[in-house]
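Understanding the architecture of this molecule
Spelled out, the chains give:
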Amino acid sequence: MAVKKLCESYSKSFRGEVQRWGCMKQTGVSLRYMMEFGSRPTEKNLLISAQFLHKELPIRIARRAIELESLPYGLSEKPAVLEVRDWYLDSYRDLRAFPEIKDKNDELEFTQMIKMIKVRHNNVVPTMALGVQQLKKGINVKIVYEDLDEIHQFLDRFYMSRIGIRMLIGQHVELHNPNPAPDCVGYIHTKMSPVEVARSASEDARSICLREYGSAPDISIYGDPNFTFPYVPTHLHLMVFELVKNSLRAVQEQFMDSDKVAPPVRIIVADGIEDVTIKVSDEGGGIPRSGLPKIFTYLYSTAKNPLDEQSDIGSSGGLTMAGYGYGLPISRLYARYFGGDLQIISMEGYGTDAYLHLSRLGDSQEPLP
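The text that follows walks through the structure, step by step, so that each part is easy to find. (Residues numbered from 1 in each chain as written. Predicted model: local features only at pLDDT ≥ 70, side-chain atom pairs only at ≥ 80, totals over all residues. Heavy atoms only, no water.)

1. Observations regarding helix H7 (residues 124–138)
We apply this condition: Working definition: helices are DSSP H or I runs of at least four residues, strands are E runs of at least two. Numbering for both runs from the N terminus. A helix's residues, less one, multiplied by 1.5 Å, set its expected span. Note on exposure labels: buried denotes an accessible area under 20% of the residue type's maximum, exposed denotes more than 50%, and partly exposed covers the range between, all computed with a 1.4 Å probe on protein chains only.
Its 15 residues give H7 an end-to-end C-alpha distance of 21 Å, which sits within 8% of 21 Å, the value for a rise of 1.5 Å per residue. If you check which residues of H7 are buried, you get Val124, Val125, Pro126, Thr127, Met128, Ala129, Leu130, Gly131, Val132, Gln133 and Leu135.

Rendered as structure tokens:
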């Protein structure tokens, strides 16, 4: 069905071209390089950046489009996955149809186009989640989720690649901002305070908990608010928000019917030589050891699935306390994108500690799945 649809919608020569570009070598960049290059957003540098993206983005996008064609268990044929594949093929076609970038006007036009591509792909995560949901509904119960390893690995590659594509586009577009915030180079804040970002993200998570449950545990943050290092604040906000939201929900549900006061969620920020580590600790009862391997899969959530209630993804602007089971695996990919990691250690019957490691050095190349 999926292949048939591809044959109907796209010519043979176009499909052959996508295959060729998908086999080309990708070129990774490091956080440090993005920061140093972007600190001088001259006309010449913006032109070099646009020419690089004009060649690099079609390679990365073609790779994902090809993979979307050959997923196991019939995932490629699910309507939501077909929709995502068409977005990738449309974006590939737009990029390849764009003529050579020779001057400032070409560069500005190209920037507008990649801005539109980024918007086109805004809903990729919930739409893919819907595709997996469509698969889960029709799947043979004998297939255990651990056996769906191929799908987990594909989604890890797919979302990691998406983080990279959105970072490259967002960084280039933001370099055109005539009034950048102080100490900001595109998306990168050269003097980001992890304590301040953690405070802002935990306030956001707490307000959602209040809205959903009517009350919320306190949050205590320990660390030097004056300590700064270069990082992407939106990435860190997303990761800390997810971890704190999980902790608040666990504590809230553990102490909902108890006379005891719910213990606070604790956030500790430590600056080491190699890593900045943020620990989020809760006393929300912990996760059974048998459940730990599942928390980083895309097919596991202990909460009610919001996609079951919302068929129109585009309109679901409201955040809920529990998502479609993608928060932790995607947070780990954001951490790994710039050379960090995310680990979860749990004591069943007590609580959970999440360790978010962020690389201070900024030298590691993007992972290129």
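Next, the rest of the story.
2. Let's talk about the sheet that holds strand S7 (residues 341–347)
The condition that has to hold: By the convention used here, strands pair only if DSSP detects at least 2 bridges between them. Whenever a helix is involved, its axis is fitted only over the stretch in contact; in every case the axis is a line through C-alpha atoms, and angles between N-to-C directions fall within 0 to 180 degrees. Here, residues are in contact when the closest pair of their heavy atoms is within 4.5 Å.
Pairing is mixed in the open sheet, where five strands are placed in the order S3-S5-S6-S8-S7. Strands at the two margins of the open sheet, each flanked by one partner only, are strand S3 (219–222) and S7. Sheet twist, expressed as the mean angle between neighbouring strand axes with direction ignored, is 15°. Bridging between strand S5 (residues 265–271) and strand S6 (residues 275–282) involves six bridges; their strand directions are antiparallel. Bridge pairing in S6 places Val269 opposite Ile278. Together, S7 and strand S8 (351–359) form the strand contacts of helix H12 (residues 327–337), whose direction differs from that of S7 by roughly 135°.

3. Notes on the pairing of S6
Looking along a regular strand, one sees the side chains alternate between the two faces of the sheet. The element S6 is extensively covered by neighbouring structure, given that six of its eight residues are classed as buried. Joining the antiparallel neighbours S5 and S6 is a turn of three residues. Here S6 runs beside S8; their pairing, made up of eight bridges, is antiparallel. Bridge pairing in S8 places Lys279 opposite Tyr355.

4. Quick word on the packing of helix H6 (residues 104–120) against helix H8 (residues 149–174)
Selection criterion: Throughout this description, any angle smaller than 35 degrees is read as roughly parallel, any larger than 145 degrees as roughly antiparallel, any in the 65 to 115 degree range as roughly perpendicular, and the remainder as oblique. For a crossing to be left-handed, the near helix must be turned anticlockwise from the far one by less than a right angle; the clockwise case is right-handed. In this count, Pro and Cys sit with the nonpolar residues alongside Ala, Val, Leu, Ile, Met, Phe, Trp and Tyr, while Asp, Glu, Lys and Arg are called charged and the others, Gly among them, polar.
Packing of H6 against H8 leaves a shortest axis separation of 10 Å and a crossing angle of 135°. Put simply, H6 runs oblique to H8. Crossing hand, H6 versus H8: left-handed. On the side of H6, the interface is formed by Glu107, Thr111, Ile114, Lys115, Ile117 and Lys118, while H8 contributes Arg166, Ile169, Gly170, His172 and Val173. Residue composition of the contact of H6 with H8, grouped by class: four nonpolar, three polar and four charged.

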